[in-house]
Amino acid sequence: MSQKFLNQIAVVTGGCRGIGKSIAIKFAKEGAFVFALDYQIPDENEVFCENAEIAEKIRCVQADVTKFESIEARFNEIVKEKGRIDILVNNAGITRDNLLIRMSETEWDSVLNTNLKGAFVCTKAIARIMMGQRYGRIINIGSVVGSMGNAGQSNYSASKAGLIGFTKSTARELASRNILINLVAPGYVRTPMTDQLSDEQKKIFLNNIPLKRIAEPEDIANVVAFLASEDSSYMTGQVLHVNGGLYL
Ligand SMILES: NC(=O)c1ccc[n+]([C@@H]2O[C@H](COP(=O)([O-])OP(=O)(O)OC[C@H]3O[C@@H](n4cnc5c(N)ncnc54)[C@H](O)[C@@H]3O)[C@@H](O)[C@H]2O)c1
């Protein structure tokens, strides 16, 4: 296993489950120390990762990405302890699906608040730290529906489309400080979020995926790792689609 992130410090929001957990494990395997910031952190007795050596390099920390002051305090604690933060992955996200005419304001607000404002909060809080270091990699997790839309997900797709504009604007603002900001847009991935879909919905998705399989969280983590590594040092403001050909 290569050690692309040896001695680097990474923060992954929503990092205790699903895609975020897989990203945290990938970074730790490749040498980073990872803070998995999550609304819901695992029980002390729960085995987060079978490999104890890797588990030691991941710390789950309770945090809510929608609250600026508490996120800023968490980041400052990390810098105090570890000296820097090299990588931020804005991964925390939720769905509250409904058809537009049935969608409540609460369903709209909560999704925009977590998925879009959450990325703003974390990026703003980390910008000063990374500017001071003159180094940083930020990867936002969007979604294929931010580009193609999806009936029943006007709130979610709006939040993910918003993240594309946010990625491009912040990439322009921070490039001169060697802070690179890109977005990974997954298609349909096997996680607790998609476990909620009905069999009918899953069948429809699968029929439309040319690679004829849904993604594993590792398929997404591998591309995130590429964007956090030196292999992508001339890329910023880009959207990388990882969807098995669902959206071309
Ligand atoms: N699963 C998919 O098919 C899929 C497809 C495209 C995009 N995505 C995106 O990938 C990301 C991860 O999705 P997932 O499928 O792993 O979801 P998940 O529901 O399995 O995990 C999301 C994690 O985010 C955390 N979280 C939610 N709100 C938070 C908050 N306010 N503060 C901190 N943490 C919070 C949750 O506690 C959870 O651990 C999301 O942004 C999602 O929109 C997922």
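Just so it is clear, the structure is predicted and the values come from calculations on it, not from any experiment. All residue numbers here refer to positions counted from 1 along the written sequence of the relevant chain. pLDDT decides what is reported in this predicted model: residues at 70 or higher carry local features, side-chain atom pairs at 80 or more are listed and counted, and totals for whole chains, interfaces and linings draw on all residues regardless.

S.K.: Go over the pairing of strand β2 (residues 33–38) with me, naming the residues and quoting the values.
M.R.: Consecutive side chains along a regular strand alternate between the two faces of the sheet. The buried fraction of β2 amounts to 5 of the 6 residues, a majority that puts the element mostly inside the structure. Strand pairing is assigned whenever DSSP identifies at least 2 bridges connecting the two strands. Secondary structure elements follow DSSP: runs of H or I no shorter than four residues count as helices, runs of E no shorter than two count as strands, and numbering proceeds from the N terminus. Relative to β2, strand β1 (residues 9–13) runs parallel, the two sharing 5 bridges. Among the inter-strand pairings, T13 is bridged to a residue of β2, identified as L37. Regarding the hand of the β-α-β motif, the stretch spanning β1, helix α1 (residues 18–29) and β2 is right-handed. Relative to strand β3 (residues 58–62), β2 runs parallel, the two being bridged by 5 bridges. Counting other C-beta atoms within 10 Å of a residue's own tells you its class, since 20 or more makes it buried, 12 or fewer makes it exposed, and anything in between is partly exposed; those C-beta atoms are placed from the backbone. With its strands directed away from the observer, a crossover is right-handed exactly when the path from the first strand over the helix to the second travels clockwise.

S.K.: Can you lay out the nonpolar core for me, pointing to particular residues and giving the numbers?
M.R.: By our criterion, buried Ala, Val, Leu, Ile, Met, Phe, Trp, Tyr and Cys residues that link up through C-beta atoms within 7 Å make up a nonpolar core. Core analysis: the biggest nonpolar cluster contains 61 residues, and A10, A24, F27, V34, A36 and V224 have the highest contact counts within it. The greatest single-element share of this core, amounting to 8 residues, is contributed by helix α4 (residues 105–133). With near-sequence residues (within four places) excluded, V34 lies in contact with A10, V12, G15, A24, F27, A28, K57 and I58. By the convention adopted here, residues are in contact when the distance between their C-beta atoms, placed from the backbone, does not exceed 7 Å.

S.K.: For the environment of Y247, give the residues involved together with the corresponding values.
M.R.: Checked against the element boundaries, Y247 lands in the segment after β7 (239–242). Taking C-alpha positions, Y247 is 10 Å from A185, a pair spaced 62 residues apart along the chain. Look past the residues within four positions of Y247 in its chain and what remains in contact with it is V144, S147, M148, G187 and H241.

S.K.: An account of the pairing of strand β4 (residues 87–90) is requested, with residue identities and associated values reported.
M.R.: Residues I87 and V89 of β4 are buried on one face, and the alternating residues L88 and N90, pointing to the opposite face, are buried as well. Taken together, the 3 bridges between β1 and β4 define a ladder with parallel strand orientation. Bridging from a neighbouring strand, V12 pairs with V89 of β4. When β4 meets strand β5 (residues 136–141), the two strands line up parallel, connected through 4 bridges. Bridge pairing in β5 places L88 opposite I138. You can see the chain leave β4, run along α4 and come back into β5, and the turn it takes is right-handed.

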